[in-house]
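Okay, here's what each chain looks like letter by letter:
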Amino acid sequence: MKFLLLHTLPPDIEQIDGDDISPGMDSRLLAWVDEMSGRGVLLDGSRLRPSSDATTVRAPDGRPVVIDGPFAETKEQIAGYDLVDCDDRDAAVAIASAHPTLEVGSIEVRAFDPGMPDPDVPDSVAPGRFRYLMFVLAEMRREAAAATSDSPPAEEEGDDTDIDAWVDSVSDRRIYGWPLDWPDTAVTLRRQDGRIVTTDGPFAETKEQIAGYDLLECRNLDEAISAAATHPMATRCAIELRPLWMWPRD
Amino acid sequence: MTEDDDAVARSFEESWGRLVAGLIGWCGDWDLAEECAQEAFTAAVVAWERDGVPTSPLAWLTTVARNRARDRLRRRTTEEAKLSLAHVDSDEAGVPDEDIPDDRLRLIFTCCHPALPMPARIALTLRTLCGLTSAEIARAFLVTEPTMDKRLVRARAKIKNAGIPYRVPPPELWSERLEGVLAVLYLTFNEGYAASSGESLLRVDVSAEAIRLTRSLADLVPGEDEVRGLLALMLLTDARRAARVRHGHVVPLAEQDRSLWNREAVAEGVALLGGEPPWGPYAVQARIALCHDVARRPDDTDWAAIGHLYTLLPATPVVELNRAVAVSMTHGPEASLTMIEPLADELADYYLYPATRADFLARLGRNDEAVLELESAIELAPTGAERRLLRERRTRLLGG
């Protein structure tokens, strides 16, 4: 089964490099990455640029409306993601609980919809390109949707053909992407009084929740904005673009 | 000030934006470009006094700034700096003899990119295109200098890390992005115009910078009627500046000394309004400003024309409020009072809503109600000068 580990940090920390957050953080992070990659668990992941580098796109009547900043002002901000493949939710929680993010922030564990293929993500970014994680944000309330369908909104209303057409249209810049399961199946991990505490539900109770994401590699932000604005969900959802944290090449 | 100091000051005004734009295009590093442009001007103060002003000041400044940039990159040891150095060393492009308009245009569109917060767009435009210092911009917008520094640092970081392109937008984005640039220029002008009546005398003239920049933009994209429309609107509004404040008090339009209005600015504004209808929103607003500018006395104002022009604008609550004022001049305040009734909720925080209601009520002789409206307006007014004006009106109503 595939799970998304969504890392969140308090706003005063999200701008700061790992080792400046706490000494040795970067090496503990590398150790986790090495171990999980070695076990074949970790398929993709990155730190994300802080929320001030985020851009939110909506296209209510087809015309893109670009807004600076993240889709929601939450107490903690999304700061990174990992895609892990393991037996079940308990295994995903165990993997997350070993991650150094929990020294300072929290991790939401969300299941992907079934059927997700292993992504093929090139290690290095092509010269002069930028990578963006494109979150699709939707109002995800199971009760509200129950009357019409029991699948998450990303799959509702015969959108499949639209999504396929969109995927084709952005094939020059899209690496992979997949919808997520309902947020009420999420588990959030935090450290409290020296122990890791697990609670049901997403890291923040916002009106809109992450319904899925796509990883893009583009020449510039405008290319990412146009991919977001033409996404079939953009007419009724917010789409947030987050640049990946690119480490200096030295 | 010597003649050569003067030459540096004049060159700063004329060349800063071009120099920085060219340097960013050449090295891709905003901070480095600004630092080295600043150093080139500092060097010019000494060198031009000693050797005289060069024939092409921009080329001189560019050469000096590029040499400084190369030195700085050589001193850095990171891989990134080495790559930049290799890039600038391989760049065969010569030093520009004259202006390269495209570079400034690229800079304007990048500073006004919609992914940047609006206050950052305004600050970045004033810093990189007009050369105002962070301290000057901070004073103009009544924030502390560290706040303004942080705003500029974050904006440059976002351009770099989020991949905001340094380019003139392609045709499919052109009109939308140009609209965004004009919105930034218009807001900058308005901020400066409102601030000119505020308490602080130390604030730099931000609206003059907005006018200068819009004038450059009109030269760079001569075919765009709305750019000319916006420049006309700024000039036709700014023409009344000298009469707008007297002894720190805002003077309402009807009471202004019209002999102080700047006829040259009005003439320049009129010359810009050649476009055929349908006019864009800035061209329409410019024509409204012109209706006021050409009236020799308040009674000569063509309110019917103004009322009609307002119908050509998108019917936002503020536009409807202004249209109601024009209608009150042709059809009486009673009709207008009814007209603005539905706007109450949307304009609940806008001081001109109760102020306008007060005006209509007073003209109907309903002074007690007018005083109450003025009191709400005083609460909501953004600057001290505007509050003083409203208090004066209240005193007049109470005292008869």
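Predicted model only: the values in this text are computed from it and were never measured. (Residues numbered from 1 in each chain as written. Chains lettered and ligands numbered in written order. Predicted model: local features only at pLDDT ≥ 70, side-chain atom pairs only at ≥ 80, totals over all residues. Heavy atoms only, no water.)

Peer 1: Would you explain a negative patch on the surface in this entry?
Peer 2: Residue and element names in this part refer to chain A. A contiguous patch of negative charge on the surface is contributed by Asp160, Asp162, Asp164 and Asp168. Mapping Asp160 onto the fold places it in helix 5 (residues 160-169). Judged by relative accessible area, Asp160 falls into the partly exposed class, the value being 47%. (Patch = residues over 30% accessible without salt bridge, like charges linked within 9 Å, V, L, I, M, F, W, Y side chains within 5 Å. Areas by Shrake-Rupley, 256 points an atom, 1.4 Å probe, with all protein chains shown as cover. Salt bridge = Lys/Arg side-chain N within 4 Å of Asp/Glu carboxyl O. Lys, Arg positive; Asp, Glu negative; His and termini not counted. Charge placed at Lys NZ, Arg CZ, Asp CG, Glu CD. Helix = DSSP H or I, 4+ residues; strand = E, 2+ residues; numbered from the N terminus. Buried < 20%, exposed > 50% of the residue type's maximum accessible area, 1.4 Å probe, protein only.)

Peer 1: What is the right way to read the interface of chain A and chain B from this model?
Peer 2: Interface size is commonly expressed as the accessible area that is lost once the parts come together. With 21 residues of chain A at the interface, the matching set in chain B holds 23 residues. Put simply, chain A and chain B have two salt bridges between them. For Asp222 of chain A, the salt bridge identified is with Arg167 of chain B, shortest N-O distance 2.7 Å. Taken together, the connections running from chain A to chain B amount to seven residue pairs in polar contact (both at pLDDT 80 or more). Where the side of chain A that touches chain B is concerned, the elements lending two or more residues are strand 4 (65-68), strand 7 (130-138) and helix 6 (221-229) of chain A. Looking at the side of chain A that touches chain B residue by residue, the class counts come to nine nonpolar, five polar and seven charged. (Contact = heavy atoms within 4.5 Å. Polar contact = N/O pair within 3.5 Å; in protein donor to acceptor, adjacent residues only side chain to side chain. Nonpolar A, V, L, I, M, F, W, Y, C, P; charged D, E, K, R; others polar.)

Peer 1: Teacher, can you tell me more about empty space enclosed by the protein here?
Peer 2: Left-over empty space is what a probe sized like a water molecule reveals as it rolls over the atoms. Residues and elements named next belong to chain A. For the coordinates displayed, the defined rule picks out three cavities of 30 Å³ or more. The wall of the largest cavity is formed by Leu6, Phe71, Ile78, Glu108, Arg110, Phe203, Ala204, Thr206, Glu208, Gln209 and Ile210. Of all elements in the fold, only strand 6 (106-111) and strand 11 (209-218) reach the threshold of two or more residues within the lining of the largest cavity. The residue inventory of the lining of the largest cavity, partitioned by class, reads six nonpolar, two polar and three charged. (1 Å grid on protein atoms, 1.4 Å probe; cavity = no way out; pocket = protein on both sides within 12 Å on 5 of 7 lines; lining within 4 Å. Points joined across faces, edges and corners; volume = space filled by probe spheres on them.)

Peer 1: Help me out: how do you make sense of the sheet that holds strand 12 (residues 238-243) of chain A in this one?
Peer 2: Sheet strands pair via backbone hydrogen bonds, and the direction of the pair is either parallel or antiparallel. Residue and element names in this part refer to chain A. Read across the open sheet, the six strands follow the order 4-3-12-7-11-8; overall the sheet is antiparallel. Because the sheet does not close on itself, it has two edges, and the strands there are strand 4 and strand 8 (174-179). Taken pair by pair, the neighbouring strands of this sheet meet at an average axis angle of 20°, ignoring direction. Bridge analysis of strand 8 against strand 11 gives five bridges, and the strand direction is antiparallel. Among the inter-strand pairings, Tyr176 is bridged to a residue of strand 11, identified as Leu215. (Pairing = 2+ DSSP bridges. Axes fitted to C-alpha atoms, helices over the stretch in contact; angles between N-to-C directions.)

Peer 1: Is there a simple way to explain the environment of Leu23 of chain B in this structure?
Peer 2: All names here are of chain B. For Leu23, the location among the structural elements is in helix 1 (residues 3-27). The exposure class assigned to Leu23 is buried, which follows from its relative accessible area of 2%. Measuring from C-alpha to C-alpha, the distance between Leu23 and Thr133 comes to 18 Å, with 110 residues separating the pair along the chain. Contacts of Leu23, omitting those with residues within four sequence positions, involve Gly28, Ala33, Ala37, Ala65 and Arg66.

Peer 1: Explain the nonpolar core to me, please; I cannot follow it from the model alone.
Peer 2: The nonpolar side chains of a soluble globular protein tend to be buried, and buried together. Formed by 111 residues in total, the largest nonpolar core has its most connected members in Leu241 of chain A together with Leu107 and Leu217 of chain B. A per-element tally of this core places helix 2 (residues 30-51) of chain B first, with 10 residues. The next biggest cluster of nonpolar side chains, apart from the first, holds 23 residues, and it includes Phe71, Met116, Ala204 and Tyr213 of chain A. (Core = buried A, V, L, I, M, F, W, Y, C linked by side-chain atoms within 4.5 Å.)

Peer 1: Would you mind going over the packing of aromatic side chains with me for this structure?
Peer 2: In this structure the tally under the stated criterion is 11 aromatic pairs over all chains. Seen from their ring centres, Tyr176 of chain A and Tyr213 of chain A are 5.8 Å apart, and the 75° between their planes marks the pair as edge-to-face. With Tyr176 of chain A in strand 8 and Tyr213 of chain A in strand 11, this pair connects stretches of sequence that are 37 residues apart. By the burial criterion, Tyr176 of chain A is buried, and Tyr213 of chain A matches it. Between Phe12 of chain B and Trp16 of chain B, the aromatic rings sit 5.2 Å apart at their centres with planes inclined by 40°, giving tilted as the arrangement. Of this pair, Phe12 of chain B and Trp16 of chain B both sit in helix 1, separated by four residues, roughly a single helical turn. Since its relative accessible area comes to 0%, Trp16 of chain B is described here as buried. One aromatic cluster is present, built from ring pairs that chain together Tyr81, Phe112, Tyr176 and Tyr213 of chain A. (Phe/Tyr/Trp six-rings, centres within 6.5 Å; stacked < 30°, edge-to-face > 60°.)

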